[in-house]
Amino acid sequence: MAVPEPDARLAQEKEEESEEESEVLEESPCGRWQKRREQVNQGNMPGIQSTFLAMDTEEGVEVVWNELLFTDKKAFKAHEEKIKTMFEQLVLVDHPNIVKLHKYWLDVKDSKARVIFITEYVSSGSLKQFLKKTKKNHKAMNARAWKRWCTQILSALSFLHSCEPPIIHGNLTSDTIFIQHNGLIKIGSEKADGTAVDIFSFGMCALEMAVLEIQTNGDTRVSEEAIARARHSLDDPNMREFILSCLTLNPDKRPTAHNLLFHRVLFEVHSLKLLAAHCFINHQYLMPENVVEEKIKELDLNMVMAEIRREGRPGAQWRYSEVSFLELDKFLEDVRNGIYPLMNFAVSRPHALPRALSQPQEDPQKAKTPTPEPFDVETRKVVQMQCNMELNEDKSQWHLTLLLILEDKLHRQLSYDLLPTDNSKDLATELVHYGFIHEVSPCCPQIWSPWSSSSPSQAGLEFLFPPDSAPGAVPRGAAPCGTC
């Protein structure tokens with residue numbers, strides 16, 4: 001028998017290893033999350049025994065399966081309500097610079113208990129790893145990159161601290177800050193403590209980012225002398241003063257994350273381009289996803305976009321042909337991802353968490369259900385709806401297709417054969433009843449009908465029917481509006 005060549009054997013071994021790592025070890029009770037054998041190192045949250053790569057079968061993306069193990073069931077029962085409250089609060093947190101916690105559930109056995117929670121997978125590594133690579137290449141930290149990172153971290157902290165009640169990170173280090181390939185910063189691993197501890201931890205991270213590494217001389221703990229040496233090595237006095245204010249020993253005298261965003265070392269007046277981009281992103285559901293491409297088709301590229309007029313000499317003109325639309329698309333994507341936040345204009349008043357729980361806690365005893373069960377409540381609002389109506393093959397019945405986009409960007413497609421007795425109110429009520437749409441979702445805000453006396457979700461479907469909707473009324477057909 002022929003012996004495989006070394007390269008072929010190596011490729012075969014890698015393929016077998018890959019298949020072994022992708023083996024499904026466990027599923028969530030609902031079947032959406034699948035735990036794989038491959039372990040990942042994403043953060044160092046105290047108490048987490050293991051973190052595995054997992055698959056989100058609904059979205060088709062990789063996530064992290066985290067397990068918090070309690071060997072003493074009595075100790076777990078004593079803290080069960082506190083654990084539930086903390087995770088239910090964290091599931092609500094939705095910010096581009098915070099690692100998203102998608103779901104959690106409890107797995108209680110005879111003598112042991114586990115808290116399992118699913119988090120976003122950040123594949124590009126920690127800030128500490130990035131700083132080590134930068135130092136290895138004998139590169140100094142770019143001041144603009146340092147400011148951008150500090151702004152993103154403070155934006156996340158300001159968001160957490162201004163929630164009611166405040167959410168404290170409590171474990172902020174360069175190991176629990178992640179940096180993606182596009183420069184987006186995300187922080188992870190949250191637990192409870194006081195807000196001032198986050199500011200001190202941020203100051204340490206800001207110092208480490210500025211000098212790339214704080215020399216510890218082999219000690220596990222960073223000494224005050226090492227911090228002082230690192231701080232004095234900074235050339236920029238504003239940067240030194242900024243970091244020193246965070247590292248003040250008296251917690252009461254440390255600034256808030258919100259105030260730090262206004263510090264002169266970070267604060268700058270945002271460009272009109274950035275303000276316009278944020279306005280566009282906040283209202284993007286009113287426009288097609290490829291809006292830049294569509295707008296280009298309508299433009300005469302020789303037209304003058306802007307002009308500087310000068311007395312006694314020719315002015316300077318800027319034409320559309322000189323604009324890089326690829327760069328504009330990239331800029332919009334960066335703004336959408338959270339790389340350029342506007343948090344230094346945010347108010348300091350406390351705000352409620354962004355929305356109610358999108359889904360209840362997973363119940364391990366609940367059988368796996370591939371479709372929503374009746375009486376489930378959908379708390380995510382519909383931000384965009386596309387509707388199509390067409391007759392079936394024998395022209396005897398209308399077929400309705402709805403494409404819904406929820407506020408967390410989840411897409412949901414529904415189809416239904418309309419009956420002669422159907423009307424918008426009954427259809428909307430049924431969609432709410434079965435958990436497909438939120439009761440107050442403005443399914444298509446631009447086409448609410450003045451004759452609608454029902455909830456917004458019902459009003460959003462009014463465009464399908466004439467004003468005098470009655471049994472046997474004929475639907476209007478496809479929705480003629482810019483959004484749909």
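Parameters at a glance
Residues numbered from 1 in each chain as written. Predicted model: local features only at pLDDT ≥ 70, side-chain atom pairs only at ≥ 80, totals over all residues. Heavy atoms only, no water. Helix = DSSP H or I, 4+ residues; strand = E, 2+ residues; numbered from the N terminus. Buried < 20%, exposed > 50% of the residue type's maximum accessible area, 1.4 Å probe, protein only. Areas by Shrake-Rupley, 256 points an atom, 1.4 Å probe, with all protein chains shown as cover. Core = buried A, V, L, I, M, F, W, Y, C linked by side-chain atoms within 4.5 Å. Contact = heavy atoms within 4.5 Å. Arc of directions from axis to C-beta. Pairing = 2+ DSSP bridges. Axes fitted to C-alpha atoms, helices over the stretch in contact; angles between N-to-C directions. Phe/Tyr/Trp six-rings, centres within 6.5 Å; stacked < 30°, edge-to-face > 60°. Lys NZ or Arg CZ within 6 Å of the ring centre and 35° of its normal. Salt bridge = Lys/Arg side-chain N within 4 Å of Asp/Glu carboxyl O. Parallel < 35°, antiparallel > 145°, perpendicular 65-115°, else oblique. Nonpolar A, V, L, I, M, F, W, Y, C, P; charged D, E, K, R; others polar.

### Some points on the overall build of the chain
Of regular secondary structure, the chain possesses 13 helices and 13 strands. The buried share among the 484 residues of the chain stands at 43%. Carbon and sulfur atoms make up 52% of the accessible area of the chain, which totals about 27,500 Å².

### Some details on the nonpolar core
Core analysis: the largest hydrophobic core is formed by 59 residues, its most contacted members being W146, I153, I187, F202, M209, F242 and I243. By residue number, the principal contributor to this core is helix 4 (residues 143-161), which donates 10 residues. Not counting the four nearest positions on each side in its chain, W146 is found in contact with M141, A206, M209, A210, M239, F242, I243, V265 and L266. In terms of nonpolar packing, the next biggest core, distinct from the first, is built from 14 residues, V382, L400, L402 and L418 among them.

### Focus: helix 9 (residues 272-282)
Regarding helix 9, the residues found buried are L274, A277, H278, F280 and I281. Along helix 9, the residues classed as buried sweep out an arc of 160° about the axis, all on the same side. Projecting away from the buried face of helix 9 at angles above 90 degrees are the exposed residues L272 and N282. Structurally, helix 9 contributes buried residues whose contacts are with helix 10 (291-298) and helix 11 (325-337).

### Notes on the sheet that holds strand 11 (residues 382-391)
Taken together, three strands build an open sheet; the order of strands is 11-12-13 and the sheet is antiparallel. The outermost strands of the open sheet, each flanked by one partner alone, are strand 11 and strand 13 (411-417). Taking each pair of neighbouring strands and ignoring which way they run, the sheet shows an average axis angle of 15°. Relative to strand 12 (residues 398-406), strand 11 runs antiparallel, the two sharing nine bridges. Paired with N388 across the two strands is T401, which belongs to strand 12.

### Structural notes on unusual backbone geometry
Backbone torsion omega between E164 and P165 reads 0°, so that peptide bond is classified as cis. Relative to the helices and strands, P165 is located in the loop between helix 4 and strand 7 (177-179). Not every positive phi belongs to a glycine, and L212 is a case in point at roughly 75°. Positionally, L212 belongs in the loop between helix 5 (195-211) and helix 6 (224-232).

### Considerations on the packing of aromatic side chains
Using the criterion set out here, one finds nine aromatic pairs in the structure. Taken together, a centroid distance of 5.6 Å and an interplanar angle of 20° make the contact between F262 and F267 stacked. Judged by relative accessible area, F262 falls into the partly exposed class, the value being 39%. Members of the aromatic cluster, each reached through a chain of ring pairs, are F87, Y104 and F117. For K35, the ring lying beneath its charged end belongs to F52, and the centroid distance is 4.3 Å.

### Quick word on the pattern of salt bridges
This model, assessed by the stated rule, comprises 17 salt bridges. One salt bridge connects E67 with R114, and the closest N-O pair in it is separated by 3.0 Å. Of this pair, E67 sits in strand 4 (residues 61-70) while R114 sits in strand 6 (residues 113-120), placing them 47 residues apart in sequence. Connected through salt bridges with shared partners, the residues E26, K35, E67, D107, K109 and R114 form a single ionic network.

### Points about the packing of helix 4 against helix 5
At a closest axis distance of 11 Å, the pairing of helix 4 and helix 5 adopts a crossing angle of 170°. By the angle class used here, helix 4 and helix 5 are roughly antiparallel. Of the residues in helix 5, those touching helix 4 at W146, W149, C150, I153, L154, L157 and H161 are T195, D198, I199, F202, A206, M209 and A210. Its residues assigned to classes, the contact of helix 4 with helix 5 comprises 11 nonpolar, two polar and one charged.

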